[in-house]
Amino acid sequence: MSIVIIRQDEKIDLWKNALSTANSDIKIYSYLEDHPVDEIEVAMVWKHPKGSLKPYKNLKYIASGGAGVDFIFEDPDFPKDIPITRVVDDMLASDMSEYVIGAIFSYLKNFNSHKINQINSQWNPTGYRRITDFKVGILGLGTLGQALAKDLVRFGFKTQGWSNTKKVLPQVNSFAGPLELDAFLATSEIVICLLPLTPKTKGILNTTLFEKLPMGAYVINVARGGHLVDEDLIKMIDKGHVSGACLDVFHEEPLPENHPFWQHKKIHITPHCASVSDTQSVVPQILENYKRMKAGKELLHLVSFKSGY
Ligand code: GLV
């Protein structure tokens, strides 16, 4: 009856305590402490060191500590013969939606450039834009994308989304598959990336895609740094085709000190904090899956090895 937590940030104890408090019958270990490796049935991982799953020969499944699982597939040594689950959580979805809506309003009302003016003691009352001035396009209509679409509609934004398969969502224009991507891009004046990172979507935010957006489009990436070709974004902003960007995720995190994004006036960056798994909200689904595994039932929120998400 044991779970090991493997992550490289400072949150191991937080998760360990939250899980033990919710169910004291299950032994929860940090991978950094002495623990009976052969007794471990579940590895709860978040950006684990590559190869760190290798010692666990009796794992029944791997639980991602977040919505994304790209970091698991990037580890050549993860066990391929057991299921992977991910977090699907209302709070994770509403946090993401609140962040993106905040970023959109900040763009519409020029908060970023006003802050720069403030630092330079400059009074520059530029014009602002309104909700009704824009069509907002969401790349990726999974759990997070759909929750965002619903909120955007509630605020009165003209909303559209693109995904692998067509989604039926009230007042959301849904585009699907490669054949409809160009039409989606041509009408998305603000584009938000909420795609899973897979070999198919790696580098999707590149010059070719940006050129298909309307002149002056704004880009928000809250998915993964790997979706974006950094140089292409800078080039398109400096050319004026893209008016600016808000980025929460990066190829390398923390973003290296000498990266040009830090100093770019039209790029607003935040340190991968748009939406973070909350222990109180997520622990019940981790324990529910543990119970299901013990009872031989199908696990919740299974990841498809074929699609990679
Ligand atoms: C956050 O980035 C997540 O995948 O949950």
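Residues numbered from 1 in each chain as written. Predicted model: local features only at pLDDT ≥ 70, side-chain atom pairs only at ≥ 80, totals over all residues. Heavy atoms only, no water.

Chemist: Before we move on, can you summarise unusual backbone geometry with the specific residues and values?
Modeler: Excluding glycine, residues mostly have negative phi values, and the peptide bonds linking residues are mostly trans. E253 connects to P254 through a cis peptide bond whose omega is -5°. With phi around 50°, S121 is a residue other than glycine that occupies positive phi space. Position of S121 relative to the elements: it lies in the loop between α4 (111–119) and β6 (135–139). According to the relative accessible area criterion, S121 is exposed, its value standing at 70%. (Helix = DSSP H or I, 4+ residues; strand = E, 2+ residues; numbered from the N terminus. Buried < 20%, exposed > 50% of the residue type's maximum accessible area, 1.4 Å probe, protein only.)

Chemist: Tell me about the domain arrangement of the protein chain, residues and numbers included.
Modeler: By a widespread convention, an interface's size corresponds to the accessible area lost as its parts come together. By the assigned domains, the protein chain splits into domain 1 (2–89 + 277–295) and domain 2 (90–269). Across the contact, 13 residues belong to domain 1 and eight residues belong to domain 2. Summed over both partners, the interface of domain 1 with domain 2 comes to about 820 Å²; 51% of that surface belongs to carbon and sulfur atoms. One can count two salt bridges joining domain 1 with domain 2. The salt bridge involving D70 is made with R224; its shortest N-O contact spans 3.0 Å. Remark: the boundary between domain 1 and domain 2 carries five residue pairs in polar contact (both at pLDDT 80 or more). Split into classes, the residues belonging to the side of domain 1 that touches domain 2 amount to four nonpolar, three polar and six charged. (Domains from an automatic or database assignment. Contact = heavy atoms within 4.5 Å. Buried area = accessible area lost by both parts, 1.4 Å probe. Salt bridge = Lys/Arg side-chain N within 4 Å of Asp/Glu carboxyl O. Polar contact = N/O pair within 3.5 Å; in protein donor to acceptor, adjacent residues only side chain to side chain. Nonpolar A, V, L, I, M, F, W, Y, C, P; charged D, E, K, R; others polar.)

Chemist: Kindly report on the packing of helix α1 (residues 12–22) against helix α9 (residues 279–295), identifying the contributing residues and their values.
Modeler: Contact pair α1 / α9: the axes reach a minimum separation of 10 Å and the direction vectors enclose 60°. As far as their axial angle goes, α9 and α1 are oblique. The handedness of the crossing between α1 and α9 comes out as right-handed. The segment α1 lies against α9, with L14, W15, A18, L19 and A22 engaging T279, V282, V283, I286 and L287. Here the contact of α1 with α9 is composed, by residue class, of nine nonpolar, one polar and no charged. (Axes fitted to C-alpha atoms, helices over the stretch in contact; angles between N-to-C directions. Parallel < 35°, antiparallel > 145°, perpendicular 65-115°, else oblique. Left-handed = near helix turned anticlockwise from the far one by under 90°.)

Chemist: Before we move on, could you go through the pattern of salt bridges and cite the residues and values that matter?
Modeler: For the structure shown, the criterion picks out 11 salt bridges. Linking E288 and R292 is a salt bridge whose minimum nitrogen-to-oxygen distance equals 2.8 Å. Here the residue E288 and the residue R292 both occupy positions in helix α9, the gap between them amounting to four residues, near one helical turn. According to the relative accessible area criterion, R292 is partly exposed, its value standing at 22%. A single salt-bridge network, built from bridges that share partners, covers E288, K291 and R292.

Chemist: Before we move on, could you go through the sheet that holds strand β8 (residues 172–176) and cite the residues and values that matter?
Modeler: The strand order β8-β7-β6-β9-β10-β11-β12 describes an open sheet built from seven strands, whose pairing is parallel. The two strands at the open ends of the sheet, each matched to only one other strand, are β8 and β12 (267–269). The mean angle between the axes of side-by-side strands here comes to 15°, regardless of whether they run parallel or antiparallel. Across four bridges, the pairing between β6 and strand β9 (residues 190–193) is parallel. Looking across to β9, one finds that I138 is bridged to I192. Where helix α3 (residues 90–108) meets the sheet, its contacts fall on β6, β9, β10 (217–221), β11 (242–247) and β12, and the angle it forms with β9 comes to roughly 155°. Along the sheet, helix α5 (residues 143–155) contacts β6, β7 (158–163), β8 and β9; its crossing angle with β6, the most-contacted strand, is approximately 170°. (Pairing = 2+ DSSP bridges.)

Chemist: Account for the packing of aromatic side chains, with residues named and values stated.
Modeler: Scanning all chains against the criterion turns up 10 aromatic pairs. With 5.8 Å between their ring centres and 55° between their planes, F105 and F157 make a pair best called tilted. Highlighted residues: F105 in helix α3 and F157 in the loop between α5 and β7, separated in sequence by 52 residues. Here a set of aromatic residues connected by ring pairs shows up, and it is made of F73, F78 and F305. Taking the ring centre of F78 as reference, the NZ or CZ of K80 above it sits at 4.4 Å. Over the ring of Y107 we find R129, and its NZ or CZ is 4.5 Å from the ring centre. (Phe/Tyr/Trp six-rings, centres within 6.5 Å; stacked < 30°, edge-to-face > 60°. Lys NZ or Arg CZ within 6 Å of the ring centre and 35° of its normal.)

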